[in-house]
Every structure is written in C-alpha cells, then in structure tokens.
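# Close look at the chain arrangement
Here's the letter readout for the chains.
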Amino acid sequence: MKKARILVQGIVQGVGFRPNVYRIAKALGINGYVRNLGNVVEIVVEGNEKDIMTFSNDLKLKKPPISKIDSVKIEWLDEDSSPEFNGFQILESSSNFSGSSVIPPDVATCDRCMEEVMLAGDRRYLYPFTACTDCGPRFTVINAIPYDRDRTSMEEFPLCPDCLDEYQDPEDRRYHAEATCCPVCGPEVFLYREDRIESENPIKEAAQLLDEGNVLAIKGIGGTHLVASTTDDLPVIKLRERLGRMNQPFACMSPDVSTIYSFAEVADYEEKALLSRNRPIVVLKKNVDYYLSPQVAPDLHNLGVMLPYSALHHLLFTYTDAPAYIMTSANMPGEPMLTQNQDIINKLDGVADYYLLHNREIVNRCDDSVVRFRGGDMAFIRRSRGYVPEPYDFSNINTDLNVLALGPEIDVTFSLLKEGKCYVSQHIGDTTKYETFLYLQRAIDHMMGITRAQNIDVVVCDLHPQFFTTKLAHELGEKFNCPVLKVQHHHAHAAALSLDWELDEFICIAADGVGYGADGSAWGGEIIHYHGAEYDRVASLMPQEMPGGDLTTRYPARMMMGMLHPLYSTEEIVDLMKTHYLDYFPHRLKEIEIIATQLEKNFNLTKTTSTGRVLDALAACLKICGERTYEGECAMKLESTAYQGEDTLEIPLKITRKEGMNVLNTSQLISSVLKKKMDGMPLEDLACSAQKAVSRGLAELAIKVASKKGVDTIGGSGGVFYNEAISMTIKEVVEDAGYNFIQHKNSCAGDGSVSLGQAMVAALKCGKQS
Amino acid sequence: MKIGMSHGAGGEIMQGLISDIILDNIKNKTVNGGVGLADLDDGATIPLGENEIVISTDSHTIDPLFFPGGDIGRISMAGTVNDVSVMGARPLAIANAMVISEGFDVDELERIIKSMDEVCQETGVAIVTGDTKVMENDKLDKMIISTTGIGIAPKGAITRDSGLEVGDKIILTGSVGDHGISLMSYREGFGFETDLKSDVAPVWGMVEAALDIGGVHAMKDPTRGGIANALNELASKSGVGMFLDDEKIPVKREVHAASEMLGIDPYEVANEGKVVMGVAPEKADEILEAIRKNKYGGEAQIIGEVTTDKHVILETSLGGKRILEAPIADPVPRVC
Ligand SMILES: [Fe+3]
Ligand SMILES: [Mg+2]
Ligand SMILES: [Zn+2]
Ligand SMILES: [Zn+2]
C-alpha cells in the first residue's frame, strides 16, 4: 500500500474539479481525500503504485471541460504507514490558504443545461439562470475568494432543498456549482416600463416588444445590452438617434450558426470561435445575401455577431423568428456599461422603451469580448467576458515581483502580475471619462482582492505625460511606496506580441493611431527592434504635421492638408480643398484658410508618424470618410471600400533617410493617390491599391532592418493589424522575402494588450526582487 | 538644462522651475507671518496693525504691443491691479519700471502711459514711483514693463487660494478665452479679431461688490493657462475638488469657432479681465447679481460647486463627465 500527496495547480476551483477527482478515485477504488488550498488542489491518496499513477494521469486526461491544469506534482509519503482512509472524501476548502487563486472566466450555458431548460416538465424548464459546474457565470458574480457561494452574488439566493441535494451530491453535475439555482430559489426576470409590468412570461413579452420595433435594455450576465430588431431600419435608426451614435457598428446576437450563415460568411475557424464556450463577438464578412438592415453596420463590409451565452438569451430567441437582434453595450459613450437596475432605468430613460431586468447583482462588469480573424489568425479586439481573469503565463520570465500596469488611456485594460501569472483585466475603456476612471480604480482593487495581492513592487504606465493613467500611476506609486516605470507605447505592443510567440527578439511593425514617442512626438508607424527589456526604433513613416493636434483625428481632411503641405504650395492646397473637400470642414472655406495659415506659420502643429492618420487621410482623399465619429471609423471604411476593389494601380513607394533612419514618404504616397483619383480611377481600386502601398511600405522598412540586424522574424502589432488586407499583404511581402511573420493570436493587436506588454517589460527590466 | 518657452507658459513645467530653482534657493520668503513667496498665491501680504498690506508684481512683455481691446500699458496696470484685487485687497498704488529699447517711438510710449493712467483712474489707484531704462535694440525687443501693486485689506480679510470650502459655489465673471484667442489671431493673421477683442480690464469693481456682500472664500484671475489652470490651482491648494457644468461656462461664439478651427481649448487660454471665485452658497445669488451689475460682469455665471473629490470635474451635456486638467505647455496628441 502506497501513499501519495498530489498537488494540482491551474484553474481548478469552481469548475467541478474536486467531484471529478472523487469520481476518478471511486472508479479506481482509491481511498483518500481532496481539498482546495487556494490555487492548489491537494489530493492525498493511498493505493498500489500502479493505480495511483493511473489516477494521476486520469486527472489530466479526464479533467472537467472548463478546468485548466498547469501542473500535477506527486510526492510519495511514508511507505509503511497503515491504511488510514476509509473511502474517498471531498473536504471543505481550507480557509487559511496562501497564494493566488485562479478564478475561471464566465462560461456560456452548456448543452446539458439547455436541454433541461427546453424540456417541458423539467424543474428548470424555461428557467433563464440555469447553470452547472460546467457552465454559467464565475468572474462576474465573485466578490471574494475562495470561490464559494457565500462570497458571490448568489449568496442572496439560498438553495432550495432540491438544489441543495444536487449541490451536496458528489455524483451530481451540480455538486458545488456555486451559481446553481432553480425557479424556486434563484433570481427572476421582470419587465419594466416606468414601473414593473406584471407578466406571465417577461422574456416572451420582451421578444414581442422587440419585434414590434421597441428598444429594450436587457440585463444579462456581465452587463446590460441595448437590444433592437435588425430586419427593419427604423428600430436601428431609433436606437442610433437616441444614443447619438449615428455610424458606429452595432454587434448582433443570432440564435444559431445556421442563421448566421444566411447573412454572413463564416469560415470554419470563425464558426469554432462563435461556438466556443467563451462566446465572443466574432467580426464576420457580410455575405452576398446580407439582408439585415444596412444601418446595423453602415458602410462596412463586416459586422460583429455572437451566439447566445446564457439561457436568458437562448429563451429570448425561442419566442421570435428574428434572425438577429442588435446587442450593444448599454452605456453612455465612453462610460462604463450599466449594471445596476436603478441606474439602468434612470440613465437609459429616453434610450430604452422597456427594460428586461433581473435581481441578481452583477459584481464585476465584463463587456462582451470581440475577436477578428485575419486569414486564419485570430486576434482579440477586446478580451473581456469569457476570458478574464484567466492569466497569461509569465513563468519563463524570472521574476517574483508584483507588477501593476495601467495601460494607455482610451482602450484601457490593466494588468496585475503576481507569482508569474499576469492577470489582464476586463475591458475598462476610455479613462478620460470620469466614471470610467473611477471604474478603473475599483476594478484594480477588486482584482488585487481576488488574487490576494497585498502589495505592488512596481507600477507601470505609459510615457505620455498627460494620460490619466500616468497620473494615477504616480498616485499608486506613492500608495504602495514603490517605483513607477514608464514604458513606451509601441515597446509595450511589441512585448505583448512577443509573449504570444515566446520570442526574445524580433522586428516589430507597430502601426496604430498614436503612442507617445521617446522624442515627445506622436508615434504610430514604427519599426521597432524588440529585444526584451529594451527596444530600438529603427525606421518609421515620415513625420507629418497635424494642424490642430487631435482635431486632425476627428477631421481627416486636416491631416490630408498636413500631408500635402511638403509637396504643394499653400494656394494649391487651399484650392484643392475648396473645390473638392469643402464639406469635410465644419467651418468651410474659413477653416481651410485657417489651417493653411497654421501650416504656414507653424501654429499649433504637432508631428506624427501615425499609420492611422495616414489611413484616415487616404479615406478623406478618396471621399470615403470626412469625419470620424467612432474610433477607427475612417480606416475601417477605407478597408471596406478597398474590399470591393482590386490592387490594379501602381502606387510608387519612396523610402528616404532621415536622421539616420529609413522613412517611408507618405506625402508622396498620398499625392500619387490623389493624382490617380483626379484622373478618374475607380475609388475601390484606389482604396485597395493605396492600402496595399502602405502595407508594402511598412513591410519593406521592416525587411531592410531585419536583414541588416540579422533577425529572422518580423511581427505586426497595433490597431492597424485588425485590417485584414493590410495584415495579409504585409505577411505576404515579409514571407516572400524569406522572413517569418507573426501576428497576435492570444492577445489584442490594439491597445487592449498594452498593459500586458507593459507588465512584461517591467518584469524583464526589474527582474528578481532582492 | 536650458530654459525653454514652456518654462514660462504657466503649466506644470513652469511650476517645476519655480519650486526647484527659485523657492529652494531663497531663504526669507515671508514677513510677519503673512502670505509669502512659497504660497505662490496671487500676491503676498504683510500684516501691520489692524491691516494687511498686499503686494503683487508682474513683468509684461506682449507681442504685439497694441492689440484689439488694449495695449501693453493697459495690460500691465490691469494685470497687477487684478492680482492685488483677487487677494481681497483694495488696490492703492503702483510702482512702474520700464525697460525700453533704443529707437522706440515716443508717441507710442505716450499712448502706453495714457493707457496705464486710464486703468488707474478707473480703479482709484496711483502710480507712485517708477523707473525707466533704455537698452540697445539688438538686446531687447521693444519693451518690458514691470509693475508692482500695493493694496490694503483689514487684517484677516485676505482671500487665499486655499480658502475654498466644500459646498461653495464657483462664480465666473464672464466669457473665457477672449484675450488669448483675439491676440493669437491678431498676431498670426487668422482674422478672428475682427469680431473679438481682448477682455483686458481691472476687476476691482466686481471684486469689491462681492467682498461687500461677504462670504467670498477664494479668488483667482485666470490668466496664463486659462480657467483650467486657475480652477485646478484653487482646488489643489484648498485640498478639494469641483463639479462644474460645462454649459454654464460662457464662451463667445467667435472664441468657440476659433478654438474649433485651431484645435485650441478656450479653457486653457489666457484671460485678462475675469475672476473665478468660491463663495458661500447662501451668498452666491446675491454676489452674482452684484457682479452682473458691474460693467465687466454682465455675463457672470455660477458655474459649479466645490466638492470633496480631489478632481475638477466638468459635466458636459453630450460627453458625460471628464476631468478638467491643468494644462501642460504643449499638448501632445492622445486620441488614437
Ligand atoms: Fe496602440
Ligand atoms: Mg487668490
Ligand atoms: Zn451547464
Ligand atoms: Zn432551487
């Protein structure tokens, strides 16, 4: 008889891991016990050596679906001790554990639960909060750890006798399913207008109201959606007008994949992502039969779609024939999504006609995740619900520091590195909005709580002196009495990408809207030689003037004027703008003249190498977009126009030396596009060719550097790499030249992973404590 | 390190220079326990008997010397009178030092002096002493005027920047950005100055009206760095925050249009004839009414109130709430 102590680490709490261990032990006739010690599950077993080895292998082979095993360590105990155990037991969680606990993300309602929900006569028939150990909310309901029901928002719903039986039976799939409940004991939904509307079936009524053209606010798992019908223009326009969001694409939810096939193209990898239990929004191309309202995603060739991820959503679709509903986060622009019933009713007054609410508290707001494929490569546009707080593994980096990285400013997540695991937060958003800035601070506190991080050794922020996160970093540095490290934006982008591929060195094309450069100018079209803790900026797009600074981001024709300025006389530019682009300037001719004077007199100009601004200017130049009303609008519309065209027009590239670096002459590029436009070339082909030219230019800059430095891998990071055509062109050019090309696959190409990169640079730089 | 233009721009960089290089190297910074150099208030005070003497000083360079709505003479008098006024003291006298470059036109000098006198008469202030120097014209561009103002207040009646109390109402005496935008426009040739002129004016009349009613806890004249700077300074020195209603802050249509075209925030632009003050809530309406009766105060508004929060928050009708920051010298793009 042998005895062993087995420690299992990973996502092993709140996922049905212990009952699974119990079942494996029972099957092998092994005695002993299992219990939670925080992030570690401790198993002590006795039996013959062979059975114990089988047992230990089965732990990995037969693990529950949403668990994740990082390590299994066996330690053999005293040989001659007599049998101690009688059967196999699941012991209570030990409360005096140490170390961090990895809490699983929220999981879409599983098939077995949905079968019950749809089965007439089942005690959970039509019950919207049905969940089990394999599915349901986790992160969004957790107040504190260890993950037990009384530390979640389910605490308010004591289990009824039936549910309690299941909860206490190790053979039941709801054994210690902390979010389990039923119509007798669990939360309930109700419908509101100004007051509560008594209804037999609020979900059914909600579907009817939607189909009649109403806008509903529906409180779900990690937040609230504004929901509207998609087959008719009117409800969509109504929602747009009420939100003042006239162009921004809305995400949709569709009942099943076959329905999605009816209006969108779905590649097999996209289908897999749609069906994954993380249930992200997947950006899909509209197909030739696309029949939803064009208002859903105006002027774009694609749209975001997700499948139902809670029983409540599934039920909604059982009461309608609608192929999809708009499901967009219910928030005021830039502010956090609403989660409290009273807030939803008060703040959405005038936006929603009805409210479908429930009485379970959302502890942690968690926006829907969004992914997009470029070729077969997935990148997160937003990594949030369904993924957070699953950590990134930093065990390759030798550090025992606790690092808190605050990200950039607009598309913020923060990251907390502790014991070699980097927890990237849910989507926080635009921290220039005060409410969001406060939310950031609360979310940090909460993340430190559920990871049991008592102290921070390094706080990391962006180089930008004005970011609110920079200011917060200094406050937190004082609070934790620790140093504040500033990491350059594109260095952080490159670091996040290096993590996806476990690379120490590569050439990174960092192409995005803006990141504060080491020289104080606005970077965004950079070739970075990344080598871990350090980086060199080795090439870039040509620095261009932004007349009026951030104003050029909103009005891209200003950028166009700035970019033409090195090649044309002021009179020529004014004349061109007056004749062809007058409607792109809110103050018309007066504004054009003012901008010309600004350029002449060097008044309130700032320099940028941003790729985003070049794409914006091209969109303006081709009369695709004259005002940006949401992030990335001009570049996205350029991409959609280009998608209709072909790469038939030759746009010559000019690379020159400037201050010891190669720079791509973007003035010459846009002027050549402009000339071809004036010659009457088709806009779609021009958009396509112009986009390809920018891509080739960036690729060539990178290849030159890679060959000189003897580096064999080139990567792409930054929001520009969400653009499929640009990503694919760069990949092609880079691979044709004989280099590897890497893209994000488990992180965001955009700013959502900047905090992750910042944490990584800090870990590499600051290394081991003591 | 060399001095850059940003070291004089009134933002955080200038604050750094003042505290590291100036304050750290001066030992005697206060007299009789009055407000001293280190307080970085609008002026200093010397308590004497039943009264407090208030002193404030300013150097004036401006390009161009004559601009729509005023000239360097008017601005150098008004600027100093205003700094004394917002300490809560009645301005009494001015000392005036001028450094003039060789070749300067005497007729222009006369115009400038007359302009100074006009402000002094309006406020009941005398120019009691002065100094005049001339420099080679390759060493000085036109002229520099340094003015020192003396004022008086009953002991203990001084309004400090740090005097805000939670619940106070914030009064702004008129539209913002007029001076900065019109001057900028005139200098660079943008042409907005045809509809717009500098607001340069002495504010003592408005301040006096408010002080007569009582309940004024703190004041500032929002010059360099605009109201964004002044409000943040008041809040941080008082250890409080503010909640402001964006719609209540008067901005002239032309200023608004110009700022939209130039990419310049009117809240960060200099004013030369405005005051922001924190007043006891129960006195706010009465004070507002009194200020509105003054010839410079017709557009005065209550723009918000003092909170326990440590930030100055601006609520906008469409964009929600944002933190109004103190400007740094040169903004760097941040919208991605
Ligand atoms: Fe970025
Ligand atoms: Mg003051
Ligand atoms: Zn389930
Ligand atoms: Zn129950």
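Residues numbered from 1 in each chain as written. Chains lettered and ligands numbered in written order. Predicted model: local features only at pLDDT ≥ 70, side-chain atom pairs only at ≥ 80, totals over all residues. Heavy atoms only, no water.

### Focus: the pattern of salt bridges
Here the structure, examined in full by the defined rule, presents 55 salt bridges over all chains. Close ionic contact of Lys321 of chain B with Glu435 of chain A constitutes a salt bridge, the shortest N to O distance being 2.5 Å. In this pair, Lys321 of chain B sits in strand E14 (residues 320-323) while Glu435 of chain A sits in helix H11 (residues 434-450), so the two residues belong to two different chains. Close ionic contact of Lys731 of chain A with Glu735 of chain A constitutes a salt bridge, the shortest N to O distance being 3.3 Å. One end of the pair is Lys731 of chain A and the other is Glu735 of chain A, both in helix H22 (residues 724-736) and four residues apart, which spans about a single turn. (Salt bridge = Lys/Arg side-chain N within 4 Å of Asp/Glu carboxyl O. Helix = DSSP H or I, 4+ residues; strand = E, 2+ residues; numbered from the N terminus.)

### Details of the UniProt feature "domain: PurM-like N-terminal" (unreviewed entry) in chain B
The positions that UniProt labels "domain: PurM-like N-terminal" (unreviewed entry) are, in the present scheme, residues 41-153 of chain B. Secondary structure content for residues 41-153 of chain B is 28% helix and 46% strand, while the C-alpha to C-alpha distance between its ends is 16 Å. (UniProt positions renumbered as here; feature names shortened; annotations may be inferred.)

### A look at the coordination of the zinc ion (ligand 4)
Residues and elements named next belong to chain A. For the zinc ion (ligand 4), every protein donor is listed as Cys160 (SG), Cys163 (SG), Cys182 (SG) and Cys185 (SG), and the spread of their distances is 2.3 Å. Classification of the site at the zinc ion (ligand 4) rests on its four donor atoms, whose angles at the metal span 103 to 118°, yielding the label tetrahedral. Counting along the primary sequence, the residues that act as donors to the zinc ion (ligand 4) give the motif C-x2-C-x18-C-x2-C. Of this pair, Cys163 sits in helix H4 (residues 161-168) while Cys185 sits in the loop between H4 and strand E6 (189-192), and the two are 22 residues apart along the sequence. (Donors = N, O, S within 2.8 Å, 3.2 Å for Na, K, Ca; no water. Tetrahedral: all angles 85-135°; square planar, octahedral: opposite > 155°, others 65-115°.)

### A look at the UniProt feature "domain: YrdC-like" (unreviewed entry) in chain A
The UniProt feature table records "domain: YrdC-like" (unreviewed entry) at residues 200-386 of chain A. As a span, residues 200-386 of chain A carries 26% helix and 25% strand, and end to end its C-alpha atoms are 31 Å apart.

### Side note on the packing of aromatic side chains
Under the defined criterion, the tally for this structure stands at 13 aromatic pairs over all chains. Consider the rings of Phe721 of chain A and Phe741 of chain A, whose centres lie 6.4 Å apart with planes at 35°: the pair is tilted. Of this pair, Phe721 of chain A sits in the loop between strand E31 (713-717) and H22 while Phe741 of chain A sits in strand E32 (residues 740-743), and the two are 20 residues apart along the sequence. Taking the relative accessible area as the measure of exposure, Phe721 of chain A reaches 0% and is therefore buried. Residue placement shows Arg365 of chain A over the ring face of Tyr439 of chain A; its charged tip is 4.3 Å from the ring centre. The ring of Phe66 of chain B carries the charged tip of Arg111 of chain B above its face, separated from the ring centre by 3.9 Å. (Phe/Tyr/Trp six-rings, centres within 6.5 Å; stacked < 30°, edge-to-face > 60°. Buried < 20%, exposed > 50% of the residue type's maximum accessible area, 1.4 Å probe, protein only. Lys NZ or Arg CZ within 6 Å of the ring centre and 35° of its normal.)

### Quick look at the pairing of strand E13 (residues 312-316) of chain B
Residue and element names in this part refer to chain B. The element E13 is largely enclosed, with a buried count of four among its five residues. Here E13 pairs with E14 via four bridges, running antiparallel. In the strand pairing of E14, Ile313 is matched with Ile323. Counted along the chain from E13 to the antiparallel partner E14, the turn is three residues long. (Pairing = 2+ DSSP bridges.)

### Considering the sheet that holds strand E6 (residues 126-135) of chain B
All names here are of chain B. With mixed pairing, the five strands of this open sheet are ordered in space as E1-E2-E7-E5-E6. Both edges of this open sheet fall to strand E1 (44-48) and E6, since each of them pairs with a single strand only. Going from strand to strand, the sheet's axes swing by 15° on average, the running direction of each strand aside. As judged from the nine bridges shared by strand E5 (residues 90-101) and E6, these two strands associate in the parallel manner. Counterpart to Ala97 in the pairing with E6 is Asp131. (Axes fitted to C-alpha atoms, helices over the stretch in contact; angles between N-to-C directions.)

### Digging into the UniProt feature "active site" (unreviewed entry) in chain A
All names here are of chain A. Under the present numbering, the feature "active site" (unreviewed entry) in UniProt falls on Arg18 and Asn36. Sequence-wise these annotated residues cover 19 residues; spatially they are packed, their C-alpha atoms never more than 8.1 Å apart. Note that Arg18 resides in helix H1 (residues 17-28). With respect to the element layout, Asn36 can be found in strand E2 (residues 31-37).

### Looking at the sheet that holds strand E11 (residues 276-279) of chain B
Residue and element names in this part refer to chain B. The mixed open sheet is built from seven strands, whose spatial order is E9-E11-E8-E12-E10-E13-E14. The open sheet is flanked by strand E9 (216-220) and E14, the only strands paired with a single partner. Between one strand and the next, the sheet's axes are offset by a mean angle of 25°, whatever the strand orientation. Direction of pairing for strand E10 (residues 241-245) relative to E13: parallel, over a ladder of four bridges. Along E13, the bridge assignment pairs Asp245 with Glu315.

### Considerations on the domain arrangement of chain B
Residue and element names in this part refer to chain B. Split into domains, chain B comes out as domain 1 (44-154) and domain 2 (161-323). Tallying the contact residues gives 24 residues for domain 1 and 25 residues for domain 2. Taken together, the two surfaces of domain 1 and domain 2 that pack against each other cover about 1,900 Å², and 64% of this comes from carbon and sulfur. When residues of domain 1 are sorted by the area they lose upon contact with domain 2, Pro68, Asn82 and Val86 head the list and together hold 30% of the total. Glu122 is paired through a salt bridge with Lys295; the nearest N and O atoms lie 4.0 Å apart. (Domains from an automatic or database assignment. Contact = heavy atoms within 4.5 Å. Buried area = accessible area lost by both parts, 1.4 Å probe.)

### Section: the environment of Asn229 of chain B
Residues and elements named next belong to chain B. Inspection of the secondary structure puts Asn229 in helix H6 (residues 226-238). With a relative accessible area of 11%, Asn229 lands in the buried category. Taking C-alpha positions, Asn229 is 21 Å from Thr61, a pair spaced 168 residues apart along the chain.

### Examining the interface of chain A and chain B
Between chain A and chain B, the residue contacts involve 39 residues of the former and 29 residues of the latter. For the pair chain A and chain B, the two sides together bury roughly 3,200 Å², of which 58% comes from carbon and sulfur. On the chain A side of the contact with chain B, Tyr434, Gln466 and Phe603 of chain A bury the most area, a combined 21% of that side's loss. At the surface where chain A touches chain B, the tally comes to three salt bridges. Here chain A and chain B share 16 residue pairs in polar contact (both at pLDDT 80 or more) between them. At the level of elements, H11, helix H12 (468-479), strand E24 (506-516), helix H14 (551-554) and helix H17 (588-601) of chain A are the ones that each hand at least two residues to the side of chain A that touches chain B. Here the side of chain A that touches chain B takes six residues from H17 of chain A, the largest share from any one element. Along the lines of polarity and charge, the residues of the side of chain A that touches chain B split into 13 nonpolar, 12 polar and 14 charged. (Polar contact = N/O pair within 3.5 Å; in protein donor to acceptor, adjacent residues only side chain to side chain. Nonpolar A, V, L, I, M, F, W, Y, C, P; charged D, E, K, R; others polar.)

### Let's talk about the domain arrangement of chain A
By domain assignment, chain A separates into domain 1 (2-90), domain 2 (189-370), domain 3 (372-494 + 752-766) and domain 4 (513-531 + 538-751). Between the C-alpha centres of domain 1 of chain A and domain 3 of chain A the distance comes to 35 Å.

### Quick look at the packing of helix H3 (residues 111-118) of chain A against helix H9 (residues 311-318) of chain A
Residue and element names in this part refer to chain A. Two elements in contact, H3 and H9, have axes separated by 11 Å at closest approach and are oriented at 45°. By the angle between their directions, the pair H3 and H9 is classed as oblique. By crossing handedness, the relation of H3 to H9 is classed as right-handed. Packed against H3, whose contacting residues are Met114, Val117 and Met118, the element H9 presents Ala311, His314, Leu315 and Thr318 at the interface. (Parallel < 35°, antiparallel > 145°, perpendicular 65-115°, else oblique. Left-handed = near helix turned anticlockwise from the far one by under 90°.)

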